[in-house]
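Next come the chains, spelled out residue by residue.
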Amino acid sequence: MLSMQEFFRMDRWPNSYCPGCGNGTVMNCLYRALRDVVDMDKLVMVGGIGCSARIDGYVFADAIHTTHGRAIAFATGIKLGNPELDVIVVGGDGDIGAIGGNHLINAARRNMDILVLCVNNWIYGMTGGQVSPATPHTGISTTTPEGNQEYSFEFVKLVAECGANYAARWSIAHPFQLIDAIKTAHQKKGFRYVEALSICPTGYGRNNKLAEPAQLFEYLKSKTYILKQNGTHGSGIAVNLDGKFALGEFANRDRESYLESLKKQEV
Amino acid sequence: MKPHINEDYCKGCHLCIFVCPMKVYEKGSRISKKGAILPEVSKPEKCPNYKKKVDEKLTCEMCVLTCPDQAINFLEG
Amino acid sequence: MREFLLGNEACVKGAILAGCRFYAGYPITPSTEIAEAMARELPKVGGTFIQMEDEIASISACIGASWAGVRAMSATSGPGFSLMQEGIGYAVMTETPVVLVNCMRGGPSTGQPTKPAQGDVYQAKYGSHGDYEIIALSPASVGEMFMLTIEAFNLAEQYRVPVMLLADGEIAHMRETVEVPEKINIINRKLASPGIVKEVWKPDEDGIVPFPVFGKGHRVYISGTTSDIYGYPSTVKPEVHEAVVKRICDKIRKNAEKIWRYECYKPEADKIIFAYGLPSRTALAVARDTDRAGVFRPITLWPFPEKPFGEIVAGKDVYVLEMNYGKMLYEVERVAYKHGAKSVSFLPKLGGAIHTIKEVRKFVGVD
């Protein structure tokens, strides 16, 4: 079992995140999920731009901090360049779902053999709190000062519909389930997507009268509910209409992965 | 064992106070060198890990898992 | 072995011989045949081809593959080249070897998809933001599409830099005979010593930083952000950024003489025609029939072969042929006048029109 010192670049602590940032909690869950199974010399962390993407620099493995939104495309090249590598993409709702949206859906469709950990804090945190495709309807941000008139993406549903082998959503208020989801995803082949609903007290909380981390944490938890087996959840579309977030596995398949189909072609 | 807070890492977010199911923590009055209002371990005996020895598996780890700064550790005490 | 090849196919042949084993690209006229040939040929040699969802994804995947230790290439034309600029900047900043082919067509914007042009030659050097240097090569024949692709890979690996092959749409689509050798000389990137690499950006004496391929236990953090020597972001101290800019630029600037490739034909003549790519064929045809005109043909557009060109132009009239409205012309004027040239004249060809021997003879004044 790897110690914290073996998994993280502890010489970079204290981490640069704001007080109460959910990224730290996600890092704890990532560590717990991987510490018994990961080969740190084969692990490659790939992050785009944003606070959540910076998790790539805290893990003591090869890492590449790419251009905004393109982590999944870089990861595709890394994995195809050397299929032995254990490629994990980490990033936020904006990086992965807005500017990176095209790469997200195509990698899911291809069932590319990478794991994507999306930390969804409903906002563009790093740049000061602008709206993201994940900002809840009526949410206040610096670019929606009167309240967000748009409705947000349900990325996990979108990715599930695009044929990913695994798509699950949990939150930082559900660390045990989040750990299990990452563990399960890590063992599978193909495109695996784990979304962690998180908090940005600085970027989202402050603008929405939820400035205290504990306040925003409580608010987030109150908006989540756990998916019932075979239950329907929310709207039937990948858009959030009711402000509530279903948590659980949205897809758990064993469709032929990209590498598996490449191998078949070789034969 | 008692939870120990690393004062170099703690940023005073107080999520530990909020998530602890046994109300072991409380907002303290001490301020760290970094300017964080440190939480205080005010009721360690309420923690399910209180009677455990060092290196024994923890019964509850909500604070450790939640702490965004990896500032909580269970130590002898 | 002699083969009759399409320009784009010759490029692929050269790439595979040079060890290219990864291609991520997007179709765009007039480069599409490169992607198609790669799709057919790469799997045969154990390489991987993938058509990505756009050019941004293509360059990103190529950079990723290069970090996984594989020679990677993509090909595109103007609009795709524009999309790739951010990725090119990333490759430069992270000193990633990668080869990019731009089969230039009429621009700007969608322009003339099926007509050749030379309008992107400055974009190759200045297209991304910030201070940096790249290497750009200009083929003038199908044979050079083959040879210069191999050169491109060797230069990319040696200098840890993106290398552009700036063909024009005509060279990409013409067919000529090529002498394909059995074996060629391959230069590999200098690899980092085994173990954890602490000083990720420390160059050796030659100005080149050893390359820490992913998956070998080096545990390196690579980023496009200005970083200190350990690879960690350090964006506030001016001297850190200055060191980065100088490292990525000086390795090209200080080695320019070794990188320059050019052709000089009858340099003693009173008139020097400056041309590259397609128009250089016309220039050479004109110069073959007269002693009054010589040709300077740069093969490396960047770094610009300033010294060899400057040495032959003192007191002479220089005639520039380009398939654009003035690009290398400005570099020529700068260097020529600095070295005492008498005059610099320009004959542009736009819209895919080609310089004819007759009009160049008239332009240069040898008819």
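Provided above is the structure to which this section pertains.
Description of the structure in this document. Please read these numbers as outputs of a predicted model, since none were measured by experiment. Residue positions are given per chain, counting from 1 as you read along its sequence in written order. Here chains are named by letter from A upward and ligands by number from 1 upward, in the order in which they appear as written. Local features in this predicted model are restricted to residues of pLDDT 70 or higher, and side-chain atom pairs are both shown and tallied only at a pLDDT of 80 or more, whereas totals for entire chains, interfaces and linings draw on every residue. The basis for the side-chain values is all heavy atoms of the structure; hydrogens and waters are excluded.

Proteins that are soluble and globular tend to have nonpolar side chains buried together. For our purposes a nonpolar core is just a set of buried Ala, Val, Leu, Ile, Met, Phe, Trp, Tyr and Cys residues, chained together by side-chain atoms within 4.5 Å. Buried means the residue's accessible area, taken with a 1.4 Å probe over protein chains only, is under 20% of the maximum for its type, while exposed means over 50%, and partly exposed covers the values in between. Grouped together as the largest cluster of nonpolar side chains are 100 residues, with contacts concentrated most on Val46(A), Phe191(A), Phe22(C), Phe274(C), Phe309(C) and Val318(C). In this description, contact between two residues means that some pair of their heavy atoms is separated by no more than 4.5 Å. If sequence neighbours within four positions are ignored, Phe274(C) has contacts with Phe296(C), Pro298(C), Phe304(C), Phe309(C), Val318(C), Tyr319(C), Val320(C), Leu321(C), Met328(C) and Val332(C). Counting residues in hydrophobic clusters, the runner-up holds 79 residues, among them Trp170(A), Ile179(A), Cys63(B) and Cys67(B).

We now examine the sheet that holds strand E10 (residues 221-223) of chain C. Only strands that DSSP links by at least two bridges are regarded as paired with each other. Only DSSP runs of H or I reaching four residues or more are called helices, and only runs of E reaching two or more are called strands; each is numbered from the N terminus. A sheet is described by the order of its strands in space; here 9 strands give the open sequence E8(A)-E10(A)-E6(A)-E7(A)-E4(A)-E3(A)-E1(A)-E2(A)-E10(C), paired in mixed fashion. The two strands at the open ends of the sheet, each matched to only one other strand, are strand E8 (224-226) of chain A together with E10 of chain C. The average angle at which neighbouring strand axes cross in this sheet is 20°, direction not considered. Bridging between strand E6 (residues 166-171) of chain A and strand E10 (residues 245-252) of chain A involves 4 bridges; their strand directions are antiparallel. Angles run from 0 to 180 degrees between N-to-C directions of axes, and those axes are lines fitted to C-alpha atoms, restricted for helices to the stretch in contact.

Another aspect to go through is the interface of chain B and chain A. The interface of chain B with chain A comprises 17 residues on the first partner and 24 residues on the second. Here the quantity called buried area is the accessible surface, traced with a 1.4 Å probe, that two parts lose on coming together, added over both. The contact between chain B and chain A buries some 1800 Å² in all, and 64% of this surface belongs to carbon and sulfur atoms. When a carboxyl oxygen of Asp or Glu lies within 4 Å of a side-chain nitrogen of Lys or Arg, that pair is called a salt bridge. The interface formed by chain B and chain A includes 1 salt bridge. Across the salt bridge formed by Arg32(A) and Glu61(B), the nearest N and O atoms sit 2.7 Å from each other. Whenever two N or O atoms come within 3.5 Å, that pair is a polar contact, provided that in protein one can donate a hydrogen and the other can accept it, and provided that, for residues adjacent in sequence, both atoms are side-chain atoms. Summed over the shared surface of chain B and chain A, the result is 12 residue pairs in polar contact (both at pLDDT 80 or more). Secondary structure elements with two or more residues in the side of chain B that touches chain A: helix H1 (15-19) and helix H2 (62-66) of chain B.

Among the 2 pairs of chains that make contact, the interface with the largest number of contacts is formed by chains A and C. One thing to see here is that chain B and chain C don't touch, and their nearest C-alpha atoms sit 19 Å from each other.

What follows is about the side chain of Asn111(A). Residues and elements named next belong to chain A. Within the element layout of this structure, Asn111 appears in the loop between helix H5 (101-110) and strand E4 (115-120). With a relative accessible area of 0%, Asn111 lands in the buried category. At 3.2 Å, the side chain of Asn111 forms a polar contact with the backbone oxygen of Arg255. When neighbours within four sequence positions are excluded, Asn111 is seen to be in contact with Gly163, Ala164, Asn165, Gly190, Phe191, Arg255, Glu256, Ser257 and Tyr258.

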